[in-house]
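Okay, here's what each chain looks like letter by letter:
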Amino acid sequence: MLSSARLLFSGIGADELMGGYSRHRGAWQNGHGIEGVISEIQKDINRISERNLGRDNRVIGDHMRDSVAPFLDEEFVSFVNSLPIQYKVNFTLPRGQGEKIILRRVAEKLGLRSSSLLPKKAIQFGSKIAKLEGKKEKGGDVCQRLNKKKFRDNPE
């Protein structure tokens, strides 16, 4: 069933702002402490446009849809960046509880307790598309298979 909705609300930015990636936990576990976590979060915020936004906008646009990214609103980003790190992460808690703490608390308050305890799962892994593809590519990589096909089919 196709949706007639033209606008997609995207959660992009939540992981980058609030320590939701495994590399954030890894920085803390590898002895870099909270300063290492803060450094990783800042790197993610600085590179979100080149790593994620272009890819996501192309995919959404290819389906003739538009997107809104509330977590990337300038005022929201400024607010979250002003919060103490303990509002965002506590890696003494298990995976699925110690990341994006403030969002998990909001979910609990809204009656979404079971959802608030779920660990992050990237869409390419949750949908099993990465396993089906069987390649060791990352989202930011240029797909050489598609790149070759493009030039073969449409030489310029």
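Residues numbered from 1 in each chain as written. Predicted model: local features only at pLDDT ≥ 70, side-chain atom pairs only at ≥ 80, totals over all residues. Heavy atoms only, no water.

**Re the overall build of the protein chain**
Note the threshold: By definition, any uninterrupted DSSP run of H or I lasting at least four residues is a helix, any uninterrupted run of E lasting at least two residues is a strand, and each is numbered from the N terminus. Relative accessibility thresholds used throughout: buried, under 20% of the residue-type maximum; exposed, over 50%; partly exposed, between the two (1.4 Å probe, protein chains only). The accessible surface values rely on the Shrake-Rupley method and a 1.4 Å probe; as for residues, cover is taken only from the protein chains in view.
Counting its secondary structure elements, the protein chain contains 8 helices and 2 strands. Each helix and strand of the protein chain, ordered N terminal to C terminal, gives the series β-α-α-β-α-α-α-α-α-α. Within the protein chain, the proportion of its 156 residues that are buried is 27%. In the structure as shown, the protein chain presents an accessible area of about 11400 Å², 56% of it carried by carbon and sulfur atoms.

**Some remarks on the confidence of the model for the protein chain**
The test is simple: Confidence of the predictor at the level of single residues is captured by pLDDT, which takes values from 0 to 100. Here a residue-residue contact requires only that any non-hydrogen atoms of the pair lie within 4.5 Å.
The pLDDT averaged across the protein chain works out to 83; a share of 77% of its residues lies at or above 70. In this model residues 149-156 is a low-confidence stretch, pLDDT under 50, and it forms 0 contacts with partners more than four residues away in sequence or in other chains.

**Considerations on the packing of aromatic side chains**
So the rule is basically this: Only centres within 6.5 Å qualify two rings of Phe, Tyr or Trp (six-membered ring in Trp) as a pair; their planes then separate them into stacked at under 30 degrees, edge-to-face at over 60, and tilted for everything else.
Within the structure shown, the criterion is met by 2 aromatic pairs. Geometrically, the ring pair formed by Trp 28 and Phe 91 is tilted, given 6.1 Å between the ring centres and 45° between the ring planes. Linking Trp 28 in helix α2 (residues 22-62) with Phe 91 in the loop between α3 (74-82) and α4 (101-109), this pair joins segments that are 63 residues apart in sequence. Assessed through its relative accessible area of 29%, Trp 28 is described here as partly exposed. The exposure class of Phe 91 is buried, given its relative accessible area of 6%.

**Some remarks on unusual backbone geometry**
The backbone of Met 64 sits at a positive phi, close to 55°, despite the residue not being glycine. Structurally, the position occupied by Met 64 is in the loop between α2 and β2 (66-68). Even without glycine at this site, Lys 100 takes up a positive phi of about 45°. Note on placement: Lys 100 falls in the loop between α3 and α4. Judged by relative accessible area, which is 15%, Lys 100 ranks as buried.

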